[in-house]
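Structure at a glance
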Amino acid sequence: MITIYHNPACGTSRNTLAMIRQSGEEPRVVEYLKTPPSREELAGLIRAMGIAPRALLRQKGTPYEELGLADPKWTNDELIEFMLQHPILIHRPIVVTPKGTMLCRPSEAVLDLLPNPDIGPFTKEDGEIVIDEKGRRVV
(Lines give C-alpha, C1' and ligand atoms only; values in the text may rest on other atoms or scores of the structure.)
Protein backbone atom coordinates (compact mmCIF):
# COMPACT_ATOMS: atom_id res chain seq x y z
CA MET A 1 0.00 0.00 0.00
CA ILE A 2 1.32 3.40 -1.04
CA THR A 3 0.03 6.73 0.22
CA ILE A 4 0.85 10.12 -1.25
CA TYR A 5 0.07 13.39 0.50
CA HIS A 6 -0.68 15.31 -2.65
CA ASN A 7 -1.45 18.79 -3.91
CA PRO A 8 -2.80 18.59 -7.48
CA ALA A 9 -1.73 22.21 -8.09
CA CYS A 10 1.94 21.24 -7.57
CA GLY A 11 3.97 19.96 -10.52
CA THR A 12 6.38 18.04 -8.29
CA SER A 13 3.44 16.32 -6.64
CA ARG A 14 1.79 15.52 -10.00
CA ASN A 15 5.06 14.08 -11.38
CA THR A 16 5.52 11.96 -8.25
CA LEU A 17 1.99 10.61 -8.51
CA ALA A 18 2.51 9.83 -12.20
CA MET A 19 5.69 7.84 -11.42
CA ILE A 20 3.87 5.85 -8.73
CA ARG A 21 1.09 5.01 -11.15
CA GLN A 22 3.53 4.18 -13.95
CA SER A 23 5.14 1.67 -11.58
CA GLY A 24 1.87 -0.25 -11.59
CA GLU A 25 0.64 0.95 -8.19
CA GLU A 26 -2.55 2.86 -7.47
CA PRO A 27 -1.83 4.83 -4.32
CA ARG A 28 -4.14 6.18 -1.70
CA VAL A 29 -4.15 9.88 -2.58
CA VAL A 30 -4.60 12.29 0.32
CA GLU A 31 -5.24 15.83 -0.86
CA TYR A 32 -3.92 17.24 2.38
CA LEU A 33 -5.20 20.78 1.73
CA LYS A 34 -8.76 19.39 1.61
CA THR A 35 -8.21 16.68 4.24
CA PRO A 36 -5.36 17.76 6.54
CA PRO A 37 -3.64 15.09 8.63
CA SER A 38 -4.39 14.84 12.33
CA ARG A 39 -1.73 15.90 14.83
CA GLU A 40 -0.85 12.24 15.44
CA GLU A 41 -0.65 11.50 11.71
CA LEU A 42 1.55 14.53 10.95
CA ALA A 43 3.84 13.83 13.92
CA GLY A 44 4.06 10.18 12.80
CA LEU A 45 5.04 11.20 9.26
CA ILE A 46 7.73 13.53 10.61
CA ARG A 47 9.09 10.76 12.86
CA ALA A 48 9.01 8.23 10.01
CA MET A 49 10.99 10.61 7.78
CA GLY A 50 13.51 11.17 10.57
CA ILE A 51 13.38 14.94 10.19
CA ALA A 52 12.58 17.89 12.42
CA PRO A 53 9.23 19.61 11.86
CA ARG A 54 11.07 22.71 10.62
CA ALA A 55 12.43 20.65 7.68
CA LEU A 56 8.86 20.02 6.52
CA LEU A 57 7.85 23.70 6.48
CA ARG A 58 7.12 25.14 3.06
CA GLN A 59 8.03 28.80 2.72
CA LYS A 60 7.04 29.82 -0.82
CA GLY A 61 3.39 30.72 -1.31
CA THR A 62 2.53 30.29 2.36
CA PRO A 63 2.07 32.47 5.47
CA TYR A 64 5.58 31.42 6.62
CA GLU A 65 7.00 34.96 6.61
CA GLU A 66 3.88 36.61 8.00
CA LEU A 67 3.79 34.13 10.91
CA GLY A 68 7.48 34.70 11.64
CA LEU A 69 8.30 30.99 11.35
CA ALA A 70 11.97 31.61 10.54
CA ASP A 71 12.39 32.60 14.19
CA PRO A 72 14.14 29.75 16.07
CA LYS A 73 11.97 30.42 19.13
CA TRP A 74 9.23 28.07 17.86
CA THR A 75 9.25 24.60 19.38
CA ASN A 76 8.64 21.46 17.34
CA ASP A 77 5.15 21.17 18.82
CA GLU A 78 4.39 24.78 17.93
CA LEU A 79 5.62 24.27 14.35
CA ILE A 80 3.40 21.21 14.01
CA GLU A 81 0.48 23.27 15.30
CA PHE A 82 1.13 25.94 12.66
CA MET A 83 1.12 23.22 9.96
CA LEU A 84 -2.18 21.88 11.28
CA GLN A 85 -3.71 25.37 11.29
CA HIS A 86 -2.27 26.19 7.84
CA PRO A 87 -1.82 22.92 5.88
CA ILE A 88 -0.28 24.89 2.97
CA LEU A 89 2.82 25.08 5.22
CA ILE A 90 3.34 21.31 4.83
CA HIS A 91 5.86 20.61 2.10
CA ARG A 92 4.82 18.00 -0.44
CA PRO A 93 4.58 15.41 -1.74
CA ILE A 94 5.09 13.03 1.16
CA VAL A 95 5.04 9.39 0.07
CA VAL A 96 4.62 6.40 2.36
CA THR A 97 5.45 2.88 1.11
CA PRO A 98 6.54 -0.36 2.78
CA LYS A 99 10.12 0.80 2.00
CA GLY A 100 9.79 4.03 3.98
CA THR A 101 8.43 7.56 4.18
CA MET A 102 9.95 10.48 2.34
CA LEU A 103 9.38 14.04 1.20
CA CYS A 104 9.81 13.41 -2.53
CA ARG A 105 11.59 16.53 -3.67
CA PRO A 106 12.72 16.18 -6.37
CA SER A 107 9.91 13.96 -7.60
CA GLU A 108 12.25 11.21 -8.82
CA ALA A 109 13.18 10.53 -5.18
CA VAL A 110 10.02 8.41 -5.14
CA LEU A 111 11.81 5.78 -7.24
CA ASP A 112 13.81 4.80 -4.14
CA LEU A 113 10.55 4.02 -2.31
CA LEU A 114 8.70 2.08 -4.99
CA PRO A 115 8.36 -1.70 -4.81
CA ASN A 116 8.90 -1.69 -8.60
CA PRO A 117 11.24 1.21 -9.48
CA ASP A 118 11.68 -0.02 -13.07
CA ILE A 119 8.90 2.13 -14.46
CA GLY A 120 10.18 2.50 -18.01
CA PRO A 121 10.78 5.85 -19.72
CA PHE A 122 9.51 8.86 -17.82
CA THR A 123 9.58 12.55 -18.64
CA LYS A 124 8.39 15.22 -16.22
CA GLU A 125 5.67 17.67 -17.19
CA ASP A 126 8.33 20.33 -17.87
CA GLY A 127 10.12 18.06 -20.37
CA GLU A 128 12.96 16.97 -18.07
CA ILE A 129 13.80 13.32 -18.74
CA VAL A 130 13.99 11.24 -15.55
CA ILE A 131 14.33 7.79 -17.15
CA ASP A 132 15.41 7.42 -20.76
CA GLU A 133 14.09 5.00 -23.37
CA LYS A 134 16.64 2.40 -22.25
CA GLY A 135 15.39 2.50 -18.67
CA ARG A 136 18.38 4.44 -17.31
CA ARG A 137 17.95 7.20 -14.74
CA VAL A 138 19.06 10.49 -16.27
CA VAL A 139 18.71 12.73 -13.22
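This structure is a prediction, so every number in the text was calculated from the model and none was measured. (Residues numbered from 1 in each chain as written. Predicted model: local features only at pLDDT ≥ 70, side-chain atom pairs only at ≥ 80, totals over all residues. Heavy atoms only, no water.)

All right, on to the overall build of the protein then. Per the secondary structure count, the protein includes three helices and six strands. Along its sequence from the N terminus, the protein presents helices and strands in the succession β-α-β-α-α-β-β-β-β. For the protein, the C-alpha radius of gyration of 16 Å lies close to 14 Å, the compact-globule estimate for 139 residues. C-alpha atoms of the protein, sized along the principal axes, occupy 50 × 30 × 25 Å. (Helix = DSSP H or I, 4+ residues; strand = E, 2+ residues; numbered from the N terminus. Rg over C-alpha atoms; globule rule 2.2 N^0.38 Å.)

A few words on the packing of aromatic side chains. What the rule picks out here adds up to one aromatic pair. Note on Trp74 and Phe82: the rings are 4.9 Å apart at their centroids and 85° apart in plane angle, and the pair reads as edge-to-face. Using a relative accessible area of 13% as the deciding quantity, one classes Phe82 as buried. Here the basic side chain of Lys73 rests over the ring of Trp74, its NZ or CZ set 4.6 Å away from the ring centre. (Phe/Tyr/Trp six-rings, centres within 6.5 Å; stacked < 30°, edge-to-face > 60°. Buried < 20%, exposed > 50% of the residue type's maximum accessible area, 1.4 Å probe, protein only. Lys NZ or Arg CZ within 6 Å of the ring centre and 35° of its normal.)

Considered for burial, the residues of helix H3 (residues 76-85) that qualify are Leu79, Ile80, Phe82 and Met83. End-on view of H3: buried residues confined to an arc of 155°, all on one side of the axis. Those residues of H3 hidden inside the fold are in contact with helix H2 (39-49). (Arc of directions from axis to C-beta. Contact = heavy atoms within 4.5 Å.)

What follows covers the pairing of strand S3 (residues 94-97). With three bridges connecting them, strand S1 (residues 3-6) and S3 associate as antiparallel partners. Residue pairing for S3: Tyr5 is matched across the bridge by Ile94. Counting the residues in the hairpin turn of S3 and strand S4 (residues 100-103) gives two residues. (Pairing = 2+ DSSP bridges.)

So, on to the nonpolar core. Ranked by size, the top nonpolar core spans 20 residues in total, and within it Leu56, Leu69 and Met83 carry the most contacts. Of all the elements in the fold, those that place two or more residues in this core are H2 and H3. The element that contributes the greatest number of residues to this core is H2, accounting for five residues. Among the nonpolar cores identified, the runner-up in size contains 16 residues, and Ile2, Ile20, Leu111 and Val130 belong to it. (Core = buried A, V, L, I, M, F, W, Y, C linked by side-chain atoms within 4.5 Å.)

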